[in-house]
Amino acid sequence: MISALLWGAGLGVGLWALAVYVFPPRPPLRALVDRLHATPAPPPILTADSDGWALRVGRPFIKPLAALGLPNRKLRNDLAVTGKSIEHHLAEKATLALTGLLLPILMHLLLVLADVGLGWEVPAVASLLFALGGFLLPDISVRQEAERRRSTFRHALSAYLNLIRVLLAGGAGVDGALSDAVNIGKGWAFQQLRRALVTAKLTRTTPWSTLGQLGTELDVHQLSELAASVSLAGTEGARVRASLAAKAAALRTRELTDAEGEAQAATERMSLPVVMLFGGFLIFIGFPALASVLGGL
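Within each chain, residues carry numbers counting from 1 in the order of the written sequence. Totals for whole chains, interfaces and linings use every residue, but because this is a predicted model, local features are given only for residues with pLDDT of at least 70 and side-chain atom pairs only at 80 or more, for both listing and counting. Side-chain measures here rest on the full set of heavy atoms in the structure, leaving out hydrogens and waters.

*Asks:* Where do I start with the layout of surface pockets in this structure?
*Replies:* To find leftover empty space, one rolls a probe the size of a water molecule over the atoms. Roughly 1200 Å³ of volume is contained in the largest pocket. Taken together, 33 residues form the lining of the largest pocket, with Gly-10, Val-13, Gly-14, Leu-101 and Ala-131 sitting closest to its centre. Secondary structure follows DSSP: runs of H or I at least 4 residues long count as helices, runs of E at least 2 residues long count as strands, and numbering of each begins at the N terminus. Looking at the lining of the largest pocket, the elements that each hand over two or more residues are helix H1 (2–22), helix H4 (62–67), helix H6 (86–113) and helix H7 (121–169). It is H1 that provides the largest number of residues to the lining of the largest pocket, a total of 12 residues. By volume, the second largest pocket is sized at about 260 Å³. The way it works is a 1 Å grid over only the protein atoms, where trapped points that fit a 1.4 Å probe form a cavity and open points with protein on both sides within 12 Å along at least five of seven lines form a pocket, and then any residue with an atom within 4 Å of a point lines it. Grid points are joined across faces, edges and corners, and a volume is the space filled by probe spheres set on the points.

Written out as C-alpha cells, the structure is:
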C-alpha cells in the first residue's frame, strides 16, 4: 500500500510538472494592462551572475519552477544581495534535487550488481528525502550568505558615515564628501556604494536617490536613512553632521550587540558537546554496575 502511494504521488507530481511546462498559465488581462501603463523602474544597481554548470544542466526546469511562483519576494532580495540570478538559483535547485533523486537509485543498482539487495522501499524513500534536501539547500545557503553580506555592509556603512562626517567638518560639500569618502574604502560594500554613485552620475540623478535605491535593494534601512539625511542637506541645506554621527554610533552599538549575541550563542553551542560527553561518561561508569544488578535478579 505504501509503495503504491509513493509511486502514485511521484507519477502525479511528474505529470503535473510536465503539464505546467507544456501549458504555462496565462496572466490575467488586468495584470497585462497594468504592466503596459506602469512607469519603468530604474535599472538595478546590484548585478547578478548567470554562469555555471548548474545553470546549463538545470536550464529545462527553470520555466516550470518559475511558473510555480518560485522564488518568493524575500528570496529574490537575498539573491540580489548575493549576486546570483534567479535563473541560476532555480537551475541549481533543480540540479541538486535531481542529483538527490538519482543518487540512491544508482547506489541501489550497484548493490544489486554486487548481490546485496535491500529492497526497493529504502532507496525510494531515500531518493525522496535527498531530492527534498537538495531542493531546499540552495535557499538555506542563499539566506545565510545574504545575511552575512548585510552584516558586512553595515560594518562598512558605519565607517563610511564617519568618513563623510570628517569630510563635511573639513568644509567639503555633500556631493564631494560622498564621492571622496567612498573612494577611500575597499571591499564588497564600498564597491556597491561606488557603483551607486557612478550610476547617479551616468543617469544624471542625485546621489542620495541612488543610495536610497541601493538601500532598498540590499534591505538595509540604515542606508535609506542616510540617503534621506543627505537629501535634506542637498536640497534644504540642513546640517547633517550631528545626524550622521548619531547614525554611526547607533550602527556601532547594533553591531556590537549582534556580535555579543552571536558569541553567547556560540558559547551555548559549545556546552552541548560537554553535556553529551558527560552523559556518555555516566553511562560508561554506571552500565556495568546496572548490568551486574540486573543479572543477579
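*Asks:* Would you take a moment to explain the packing of aromatic side chains for this structure?
*Replies:* Note on aromatic pairs: each is described by the distance of the centres and the angle between the planes. A pair of Phe, Tyr and Trp rings is counted when the ring centres sit within 6.5 Å of each other, with Trp represented by its six-membered ring. The angle between the planes then sorts it: under 30 degrees is stacked, over 60 is edge-to-face, the rest tilted. Using the criterion set out here, one finds 2 aromatic pairs in the structure. Judged by centre distance (6.2 Å) and plane angle (75°), the ring pair of Phe-153 and Trp-188 falls under edge-to-face. Residue Phe-153 is found in helix H7, and its partner Trp-188 is found in helix H9 (residues 188–203); the two are separated by 35 residues along the sequence. With a centroid separation of 6.1 Å and an interplanar angle of 90°, the aromatic rings of Tyr-160 and Phe-190 are classed as edge-to-face.

*Asks:* Would you mind showing me how to read the packing of H9 against helix H10 (residues 207–218) here?
*Replies:* The axes of two packed helices give the description: the angle between them and the distance between them. At a minimum axis separation of 8 Å, H9 and H10 run at an interaxial angle of 135°. Taken together, the axes of H9 and H10 lie oblique to each other. Between H9 and H10 lies a crossing of right-handed hand. For the pair H9 and H10, contact is made by Trp-188, Gln-192, Leu-193, Ala-196, Leu-197 and Ala-200 and by Pro-207, Thr-210, Leu-211, Leu-214 and Leu-218, respectively. Along the lines of polarity and charge, the residues of the contact of H9 with H10 split into 9 nonpolar, 2 polar and no charged. All axes are obtained by fitting lines to C-alpha atoms, using only the stretch in contact for helices, and the reported angles, taken between N-to-C directions, cover 0 to 180 degrees. Just so you know how the angles are binned, under 35 degrees is roughly parallel, over 145 roughly antiparallel, 65 to 115 roughly perpendicular, and the rest oblique. Handedness of a crossing follows from how the near helix is turned relative to the far one, being left-handed for an anticlockwise turn of less than a right angle and right-handed for a clockwise one. Contact definition: two residues touch when any of their heavy atoms are within 4.5 Å. Three residue categories are used. Nonpolar comprises Ala, Val, Leu, Ile, Met, Phe, Trp, Tyr, Cys and Pro, charged comprises Asp, Glu, Lys and Arg, and polar comprises the others, including Gly.

*Asks:* What is the right way to read the packing of H7 against H9 from this model?
*Replies:* Contact geometry of H7 with H9 gives a least axis separation of 8 Å together with a crossing angle of 70°. The angle between H7 and H9 falls in the class roughly perpendicular. The crossing of H7 and H9 is right-handed. Judged by residue contacts, Arg-149, Phe-153, Ala-156 and Tyr-160 of H7 engage Trp-188, Ala-189, Phe-190, Gln-192, Leu-193 and Leu-197 from H9.

*Asks:* I keep staring at the nonpolar core and nothing clicks. Help me out?
*Replies:* Nonpolar side chains tend to gather and get buried jointly when the protein is soluble and globular. Among buried residues, those of type Ala, Val, Leu, Ile, Met, Phe, Trp, Tyr and Cys that are joined through side-chain atoms within 4.5 Å constitute a nonpolar core. Partly exposed residues are those whose accessible area sits between 20% and 50% of the maximum for their type, while under 20% is buried and over 50% is exposed, using a 1.4 Å probe and protein chains only. Grouped together as the largest cluster of nonpolar side chains are 33 residues, with contacts concentrated most on Phe-153, Tyr-160, Leu-193, Leu-214 and Leu-223. Mapped onto this core, the elements with two or more residues apiece are H7, helix H8 (174–184), H9, H10, helix H11 (221–235) and helix H12 (241–296). Element by element, the count of residues in this core is highest for H7, at 8 residues. For Phe-153, the residues in contact, after removing those within four places along its chain, are Trp-188, Ala-189, Gln-192, Leu-193, Leu-214, Leu-218, Val-220 and Leu-223. Formed by 6 residues, the second largest nonpolar core is a distinct cluster that contains Ile-62, Leu-90, Ala-91 and Ala-94.

*Asks:* Explanation requested: a nonpolar patch on the surface in the structure shown.
*Replies:* Each patch is assembled from residues with relative accessible area greater than 30% and no salt bridge, linking like charges that lie within 9 Å and nonpolar side chains (Val, Leu, Ile, Met, Phe, Trp, Tyr) that lie within 5 Å. Computed by Shrake-Rupley with a 1.4 Å probe, the accessible areas treat only the displayed protein chains as cover when residues are assessed. Salt bridges, as used here, are contacts in which a Lys or Arg side-chain nitrogen is within 4 Å of a carboxyl oxygen on Asp or Glu. A cluster of nonpolar side chains, Phe-61, Leu-98, Leu-101, Leu-102, Ile-105, Leu-106, Leu-109 and Leu-128, forms an exposed patch at the surface whose accessible area comes to about 660 Å². For the nonpolar patch, the leading source of residues is H6, giving 6 residues. One can find Leu-102 in helix H6. Looking at Leu-102, the relative accessible area reads 42%, which means it is partly exposed.

Worth remembering: the numbers are spatial, not functional.
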